[in-house]
Amino acid sequence: SRIADAADVADLRLLARRRAPRMVFDYVDGAAEGELSMARAREAFARVEFSPRVLRDVGDAPTAVEVLGRRIAMPVVLGPTGFTRMMHRDGERAVARAAERAGVPYTLSTMGTTPAADVAAAAPGGWNWFQLYAVRDRARNLDTLAQARVAGMDVLVVTVDVPVAGARLRDVRHGLTIPPALRWRSVLQAVWRPAWWFDFLTSEPLRFATVDDAPPDLAGLTNKMFDPSVTVRDLEWIRSAWNGRLVVKGVQRVDDAEELAAVGVDGIVVSNHGGRQLDRAVTPLELLPRVVEAVGERTEVFLDGGVRSGADVAAAVALGARACFVGRAYLYGLMAGGEPGVRRVLELLRAELVRTLQLLGVGDVGGLGPDVVRLR
Ligand code: FNR
């Protein structure tokens with residue numbers, strides 16, 4: 001099939017672009033404002049320079065690592081993404097199942113379109129994490145956390161880079177509503193994307209967290225629902241309401257990382273939300289080594305943003321990341337072909353990581369370090 005024949009994530013992106021309506025593809029593919037942060041994240045990976053060792057035994061190259069006290073098959077975490085059933089009818093379930101099969105964690109978003117219990121039931125042997133956006137209604141936050149915990153999720157990722165919605169101009173230009181509406185401006189498009197529209201219109205309607213009188217656009221919903229007054233103090237009640245590991249996602253400064261390490265979080269994700277929030281925010285791969293140097297002994301540091309291949313994963317780990325979160329990479333697979341598409345992405349990431357380790361002369365992913373990589 002075309003999914004199985006995809007030679008890399010870029011091939012799956014092209015398949016996704018052919019299958020999904022433009023406004024859905026652009027919701028995934030796009031970023032904020034001039035999309036400079038997103039471009040720079042990729043550009044930083046393009047500046048990675050490896051220094052391979054030769055004449056090392058690289059007969060096999062194990063990729064398993066320990067993350068937050070558990071072994072996972074490779075240093076990859078499927079990050080949280082909202083409205084995942086918009087990309088494919090099987091949505092979060094398909095992603096969780098592919099993650100389960102590949103032996104890596106999956107993170108369900110507060111803005112997901114499948115209840116936590118259903119994700120857990122779809123992938124009972126998987127390691128499912130939950131991501132929280134703090135909303136204005138405090139009781140509701142507690143309820144959301146309780147549902148995730150009851151579903152067996154034991155790692156909480158609190159995303160802190162969305163005090164307000166970023167300006168995603170592709171969404172604005174398309175007039176994207178959630179759920180997408182078949183209106184006169186999308187009818188012509190629909191003729192060219194019949195399979196997506198057929199699936200979308202015949203599957204269960206999208207259900208997602210919302211508030212009364214929410215505007216139909218995502219930015220409007222976000223600004224009405226999310227709490228912009230959250231501070232580091234709020235991590236205290238979040239922690240007291242959460243019996244599990246706590247990770248903070250969206251850290252973009254060394255001093256913030258230090259403050260979080262001081263309050264004792266279990267992990268920090270160096271991330272600018274894939275460039276979807278503050279455009280021109282610092283490039284995660286460039287900031288990573290400084291954060292690792294400052295807090296890496298006290299807390300686990302993850303890299304998020306721009307990861308499209310196993311070689312990217314190897315580079316980030318060599319620069320100090322415990323593991324990488326990925327977003328768009330798996331969504332391209334999902335949009336291209338549901339669960340088999342996500343599986344293909346994970347297969348590619350793993351094969352690319354193994355090959356990179358072997359070509360680098362590093363016999364085990366644990367042997368990656370700053371001696372084999374630099375940013376030009
Ligand atoms: C996201 N991201 C995100 N993050 C989060 O904490 N909660 C969420 O609900 C979402 N939703 C979401 C939707 C879509 C379509 C995308 C592409 C991204 C951000 C995501 O977790 C991650 O930070 C970025 O995707 C990382 O960049 P890459 O891997 O996409 O380059």
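Residues numbered from 1 in each chain as written. Predicted model: local features only at pLDDT ≥ 70, side-chain atom pairs only at ≥ 80, totals over all residues.

(A) Looking closely at the packing of helix α3 (residues 22–29) against helix α17 (residues 328–360). Interaxial distance between α3 and α17 falls to 10 Å at its minimum, and their mutual angle equals 160 degrees. Overall, the two elements α3 and α17 adopt an arrangement that is roughly antiparallel. Judged by the twist between their axes, the crossing of α3 over α17 is right-handed. Between α3 and α17, the contacting residues are Phe-25, Val-28 and Asp-29 on the first element and Arg-328, Leu-331 and Met-335 on the second. When its residues are assigned to classes, the contact of α3 with α17 shows four nonpolar, no polar and two charged. (Axes fitted to C-alpha atoms, helices over the stretch in contact; angles between N-to-C directions. Helix = DSSP H or I, 4+ residues; strand = E, 2+ residues; numbered from the N terminus. Parallel < 35°, antiparallel > 145°, perpendicular 65-115°, else oblique. Left-handed = near helix turned anticlockwise from the far one by under 90°. Contact = placed C-beta atoms within 7 Å. Nonpolar A, V, L, I, M, F, W, Y, C, P; charged D, E, K, R; others polar.)

(B) Focus on the nonpolar core. In this structure, Ile-268, Phe-302, Ala-316 and Cys-324 are the most contacted members of the largest nonpolar core, which totals 118 residues. The dominant element in this core, judged by the number of residues it contributes, is α17, at 15 residues. Beyond its immediate stretch of four places on either side in the chain, Ile-268 contacts Val-248, Val-251, Ala-257, Leu-260, Val-291, Val-295, Thr-299, Val-301 and Phe-302. (Core = buried A, V, L, I, M, F, W, Y, C linked by C-beta atoms within 7 Å. Buried ≥ 20, exposed ≤ 12 C-beta atoms within 10 Å, placed from the backbone.)

(C) Quick peek at the packing of helix α6 (residues 91–102) against α17. Relative orientation of the contacting elements α6 and α17 amounts to 15 degrees, with a least axis distance of 8 Å. Our classification of the angle between α6 and α17 gives roughly parallel. Crossing angle aside, the handedness with which α6 passes α17 is left-handed. Across the interface between the two elements, Ala-94, Val-95, Arg-97, Ala-98, Arg-101 and Ala-102 from α6 touch Tyr-330, Leu-334, Gly-338, Glu-339, Val-342, Arg-343 and Leu-346 from α17. Residues that form the contact of α6 with α17 fall into these classes: eight nonpolar, one polar and four charged.

(D) Region of interest: helix α8 (residues 138–150). Between its terminal C-alpha atoms α8 stretches 19 Å, which fits the 18 Å expected from 13 residues at 1.5 Å a residue. Buried within α8 are the following residues: Asn-141, Thr-144, Leu-145 and Ala-148. Down the axis of α8, the sector holding all buried residues measures 95 degrees, keeping them to one side. Facing away from the buried side of α8 by more than 90 degrees, the exposed set consists of Ala-139, Asp-143 and Val-150. One or two residues past the end of α8 sits Gly-152, with phi positive at roughly 90 degrees. (Expected span 1.5 Å × (residues − 1). Arc of directions from axis to C-beta.)

(E) Structural view of the environment of Leu-346. Its place among the elements puts Leu-346 in helix α17. The buried category is assigned to Leu-346, around which 25 C-beta atoms lie within 10 Å. Separated by 174 residues in the primary sequence, Leu-346 and Val-172 have C-alpha atoms spaced 32 Å apart. The residues touching Leu-346, leaving out its near neighbours within four places in the chain, are Ala-98, Ala-102 and Val-104.

(F) Layout of the pairing of strand β9 (residues 267–270). On β9, burial covers both faces: Gly-267 and Val-269 on one face and Ile-268 and Val-270 on the other are all buried. As judged from the four bridges shared by strand β8 (residues 245–251) and β9, these two strands associate in the parallel manner. Of the residues in β9, the one forming a bridge with Val-247 is Gly-267. The parallel pair β8 and β9 is bridged by helix α14 (residues 254–263), and the resulting crossover is right-handed. Bridging between β9 and strand β10 (residues 300–304) involves four bridges; their strand directions are parallel. Across the sheet, residue Gly-267 finds its bridge partner in β10, namely Glu-300. One crossover worth recording links β9 to the parallel β10 by way of helix α15 (residues 284–295), and it is right-handed. (Pairing = 2+ DSSP bridges. Right-handed = clockwise from strand over helix to strand, strands pointing away.)

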